[in-house]
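A look at the structure
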Amino acid sequence: MIIAIGSDHRGYPHRDRLRVALAASGHEVVDCGAPGPGPADYPHPAFAVGERVAGGAADLGILICGSGIGVAIAANKVAGVRAALCLDPEAATMTRRHNDSNVLCLSGDRTTPDAAVAIAEAYLAASFEGGRHARRVDQITEYESKHHQERGPAMYDAVRQTDPEIAAVLAAELGRQRSQLEMIASENFTSRAVLETMGSVLTNKYAEGYPGKRYYGGCVHVDEAETLAKDRACLLFEAERANVQPHSGSTANLTAYLAFCKPGDKILGLSLSHGGHLTHGHPVNFSGLFFEAIHYEVERGSETIDYDRMRDQAKRERPRLLVGGASAYPRTWDYAAMRSIADEVGAIFVFDMAHIAGLVAGKVHPSPVPFADVVTSTTHKTLRGPRGGLIVCKKDHLKAINKMNFPGIQGGPLMHMIAAKAVCFHECLQPAFRTYAQRTLDNAQALAAALIAKGFRLASGGTDNHLLLVNCKPRGLTGKEMEELLERVGITCNKNTVPFDEESPVVTSGVRLGTPALTTRGMGPAEMRRIADLMDRAVASRTDDAALANLRAESEELCRAFPLYPE
Ligand SMILES: *Cc1c(COP(=O)(O)O)cnc(C)c1O
């Protein structure tokens, strides 16, 4: 048998003894800690042993602490574990026979190491009798699985039973998200309601077409979900029409471009190295491959867009499509200027609000919707919904957009994601969302001021939205070095070119920082100042491993103070 074994310091001699004795009787022993004989908290080995047994990686478990009670309580919190404290071999035999117990708990204080071996041998030799006892164990299991489902996304019970390897990935990623300061400007944490809807039975349904006009039967309920999503998107963004089917922001852009352009037509967007997105005409992307892409840039000095220059360029080039929006532009856009430029040259004006959609929805940032012909977006960035795309447009453009998205580009819509978008839009319509949006901005302002005070340079000198482009060169680091340094102290971000960057795109001079995810965790301006201070100290002690380890502990403590997906 495979036996998982663990203890705190008071069970250490017993664990040592059991490990040898069990191996000698032919069992495979997996030691789950705590490491070494020094003082240790008992819950940690208890969860480790419990999870191995519940997940099927071990047949049975053995845990020891002073009384044996602490490890039993902790192990019994793991769904699927039936941990029993036994002080003699008779109890050990009975709990296997009657309770189908799968984790034996021993008292380090009241049981000698020799006695522990005798109790363990009795436990391993006995087996479950079933019969009337099975009924009682089933009652426990039934209660437990119902209870755990209600506890939400942290549990992953079914995955753990079917696929322990992927379950381990899910648990580890949840742990990472909980324990690191997430400052990637395009990331966020969805609500449990959104997570649940994404994992729902709607994923089983084919629904090619649009509500009321599907190519499959049985669409009555998914029609309702998509209609809710569309109506809420229109209400939220004060838009005339919406298409909620794009699988991603990139697909939304592809839809918008092909709805109005033929391959080879000219599109004008912000260049990638000045903050634009790949889908705005970069040569490696469909937008650069299918279309003749030309770019505007920000000005030297101000590092902002000059709309007179954009107008001159548009008049010269006469693009079919004028594209606004960015992934790394910290300033507001002059939508009215872009509308008039598009009108002057007879172009369609597409605005891609992927990054700022949540700020627009929260009414803390100007909206492109009244100005642009078509507005594309993602739903997972500041908007805080499921990973996906969205298009809102003027009434006259809906037919072209719908036809290009399906059947033009996509097949069956992801109905679980569309329903999750509906949940997201509903959340965005609540007053609490406006508070989050405003606080995201306040936090970006606080972070910007604190970083400038520490000698960092911000592209364009500051920010109007949720993101900052931080030039690290004045502090003696490239963007790549800064990203790696921050990773070591528990802060996740991405290196990013700054306008007119002299470093290559894989090195860069800057990092992009965003406040949405930390704001969702509940952090405010005081925490932003603390984080700026942490970054400053990380740079100052970048070659001092011990100092960096202390900073990492500090950032983890900050994370613990703002729990994510609490149990
Ligand atoms: C993120 C982003 C996209 C692409 O979204 P995906 O869902 O990753 O395809 C498109 N445009 C802009 C401006 C973005 O920031």
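Computed from a predicted model, the values in this text were never measured in an experiment.

**Describing the packing of aromatic side chains**
Aromatic rings considered in pairs are described by the distance between their centres and by the relative angle of their planes. The tally for this structure, following the rule as stated, stands at twelve aromatic pairs. Taking 5.1 Å as the distance between ring centres and 90° as the angle between the ring planes, the aromatic pair formed by Tyr335 and Phe351 counts as edge-to-face. Of this pair, Tyr335 sits in helix α14 (residues 335-345) while Phe351 is found in strand β13 (residues 348-352), placing the two residues 16 residues apart along the sequence. Ring centres 5.0 Å apart and planes at 55° place the aromatic pair Phe433 and Tyr436 in the tilted group. Separated by three residues within a single helix, Phe433 and Tyr436 lie in helix α18 (residues 431-453), roughly one turn from each other. Given the relative accessible area of 6%, Tyr436 is considered buried. Ring pairs connect the aromatic residues Tyr329, Trp333, Tyr335, Phe349, Phe351 and Phe371, which therefore count as one cluster. The residue whose ring lies beneath Arg96 is Tyr123, and the NZ or CZ to ring-centre distance is 5.8 Å.

**Some words on the domain arrangement of the protein**
Split by domain assignment, the protein resolves into domain 1 (2-175), domain 2 (196-428) and domain 3 (432-561). A straight line from the C-alpha centre of domain 1 to that of domain 3 covers 43 Å.

**A few points about the confidence of the model for the protein**
Taken residue by residue, the protein gives an average pLDDT of 95. The fraction at 70 or more is 98%. Below pLDDT 50 for its whole length, residues 149-153 participates in five contacts with residues either more than four positions away or in separate chains.

**Thoughts on the packing of helix α1 (residues 12-24) against helix α5 (residues 113-125)**
Contact geometry for α1 and α5: axes closest at 9 Å, N-to-C directions at 50°. As judged from the angle between their axes, α1 and α5 are oblique. Of the two possible hands of crossing, α1 and α5 adopt the one that is right-handed. Along the contact surface, α1 presents His14, Arg17, Leu18, Ala21 and Leu22, while α5 presents Pro113, Asp114, Ala116, Val117, Ala120 and Leu124. When its residues are assigned to classes, the contact of α1 with α5 shows eight nonpolar, one polar and two charged.

What counts, and at which threshold
- Residues numbered from 1 in each chain as written.
- Predicted model: local features only at pLDDT ≥ 70, side-chain atom pairs only at ≥ 80, totals over all residues.
- Heavy atoms only, no water.
- Phe/Tyr/Trp six-rings, centres within 6.5 Å; stacked < 30°, edge-to-face > 60°.
- Helix = DSSP H or I, 4+ residues; strand = E, 2+ residues; numbered from the N terminus.
- Buried < 20%, exposed > 50% of the residue type's maximum accessible area, 1.4 Å probe, protein only.
- Lys NZ or Arg CZ within 6 Å of the ring centre and 35° of its normal.
- Domains from an automatic or database assignment.
- pLDDT = per-residue confidence, 0-100.
- Contact = heavy atoms within 4.5 Å.
- Axes fitted to C-alpha atoms, helices over the stretch in contact; angles between N-to-C directions.
- Parallel < 35°, antiparallel > 145°, perpendicular 65-115°, else oblique.
- Left-handed = near helix turned anticlockwise from the far one by under 90°.
- Nonpolar A, V, L, I, M, F, W, Y, C, P; charged D, E, K, R; others polar.

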